[in-house]
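Here's the letter readout for the chains.
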Amino acid sequence: MQTSFTPAQLADPHIATSEQILRKCVHCGFCTATCPTYVTLGNELDSPRGRIYLIKDMLENDRPADEEVVTHIDRCLSCLSCMTTCPSGVNYMHLVDHARVHIEKTYKRPLGDRLVRAVLAAVLPYPGRFRLALKAAALGRPFASLLKRIPPLKPFGTMLDLAPSKIALASAADTPGTHRIDGVKRGRVAILSGCAQPVLRPEINEATLRLLARLGIEVVVPEGAGCCGALVHHMGREEQALDAARRMVDAWLKVKEEGGLDAVIITASGCGTTIKDYGHMLRLDPAYAEKAAQVSALAKDITEYLASLDLPALERKTLTVAYHSACSMQHGQKITTAPKLLLRNAGFTVRDPGEGHLCCGSAGTYNILQPEISEKLKARKVRNIEATKADIIATGNIGCITQIATGTVIPILHTVELLDWAYGGPKPAMLEKVR
Ligand code: SF4
Ligand code: SF4
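Residues numbered from 1 in each chain as written. Chains lettered and ligands numbered in written order. Predicted model: local features only at pLDDT ≥ 70, side-chain atom pairs only at ≥ 80, totals over all residues.

Chemist: Please explain the overall build of the protein as it appears in this structure.
Modeler: For the protein, the count of helices and strands is 25 helices and 9 strands. The C-alpha radius of gyration of the protein comes to 21 Å, within 12% of the 22 Å expected for a compact globule of 435 residues. Taken along the three principal axes of its C-alpha coordinates, the protein extends 60 × 50 × 40 Å. Restricting to contacts in the protein with at least 6 residues of sequence separation, those with at least 24 account for 74%. (Helix = DSSP H or I, 4+ residues; strand = E, 2+ residues; numbered from the N terminus. Rg over C-alpha atoms; globule rule 2.2 N^0.38 Å. Contact = placed C-beta atoms within 7 Å.)

Chemist: Just checking my understanding: could you explain the nonpolar core for this structure?
Modeler: A general feature of soluble globular proteins is that nonpolar side chains tend to end up buried together. Val189, Ala245, Val264, Ile266, Val321 and Leu418 are the most contacted members of the largest nonpolar core, which totals 123 residues. No other element matches the 9 residues that helix H15 (residues 238-259) contributes to this core. With residues near it in sequence (within four places) discarded, Val189 still touches Ile217, Val219, Leu261, Asp262, Ala263, Val264 and Ile265. (Core = buried A, V, L, I, M, F, W, Y, C linked by C-beta atoms within 7 Å. Buried ≥ 20, exposed ≤ 12 C-beta atoms within 10 Å, placed from the backbone.)

Chemist: Before we go on, may I ask you to explain the sheet that holds strand S8 (residues 392-395) in this structure?
Modeler: The strands that make up a sheet are held in pairs by hydrogen bonds between backbone atoms, and each pair lies either parallel or antiparallel. Spatially, 4 strands are ordered S7-S6-S8-S9 in an open sheet, and the strand pairing comes out parallel. At either margin of the open sheet sits one strand with a lone partner, and together these are strand S7 (349-351) and strand S9 (412-414). Across the sheet, the axes of successive neighbouring strands diverge by a mean angle of 35°, strand direction being ignored. Strand direction decides the pairing type here: strand S6 (residues 320-323) and S7, joined by 3 bridges, are parallel. Residue pairing for S7: Thr320 is matched across the bridge by Thr349. Sheet strands in contact with helix H24 (residues 398-405) are S8 and S9, and its direction is about 175° off that of S9. (Pairing = 2+ DSSP bridges. Axes fitted to C-alpha atoms, helices over the stretch in contact; angles between N-to-C directions.)

Spelled out as structure tokens, the structure:
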């Protein structure tokens, strides 16, 4: 694609990066067929190619974002299915990230929208606040349908619907410190405790710690860690996201200095995609560019790491698992086979739901901010999963777990919970009623 940025515009390194991305796009439109919003809405402006044109026009003309651009960029899930499909290697992720920052800087959203976004950015990345908010949500749930009838308050109603009825206590698995191993030490890793996941499903990191301990891997939960910044990054709140990234880089590199580090383990693929991009996000910060690139190189999804440990093959079980590959896993990190191979090796029969490339509609805060599109995508995803007639659903991202769980009665777990059970851990409570 030809571009016409001026030399003065290209002196801005963000514009220079976006220009390089834009020039790779050859308008072929292959990406439209696999874009969930184009498939759902049928509007070219809700396709990757349409959004690329909108972003190009806005940046080239140095224009503040307008309502049209904001509408179509807000509807993008950042699922990155388009990047898997694109034959020209267009880095849509970095382009849309730039567009979201530009929107945040130049567009004044309506009051209700600003309020919802401010609440999400102030609550979700902080486990203590999030836990309190969920307790309050339990009291507010009877008002969910009322709130959903008032357009500016609809996202608050959706939040109440998504909030779980039971909230687990804070888990020891997320307390800073070194978790000791059983037997001979084979390795040392740090883990991302995260923000929303330890509140919604502490069982995931508990299972990770148990399994790694049995495999001889020492796990460090670093001091001073927290949210990786992915949630606010996708909202265009770049300073908040970069601050979170710097804090995480410092926390993990301190662990490395103190005793070496084989990997930074991530159990939520949405976070993994962002952490693997820290090197790019902080490339213009002289104090952090090199350190962030080091952390990105150390970052591994738990299934990616387990695949390197040669787990023994186990006897065939009677349970069938529908494996839902989160967008951030398959498109963001290009991890497609490791989770399924691990499950098969552990004795489970694994089935692939149809249309596996399409997003479930969770996408960070998307299910709160774009509930109509999100609901349609969830219904489509659940139909495809239920058609597999599997006993259990496995996936690697807390957002997908929360989203899909509200649409089906099939138990949905993190892949590592099933692996921990198969390799000697306790049976997950959710499976007590499953044969
Ligand atoms: S990231 Fe997903 S929703 Fe956004 S344009 Fe690409 S395929 Fe479409
Ligand atoms: S597939 Fe790639 S090159 Fe083709 S229109 Fe989409 S982004 Fe552009």
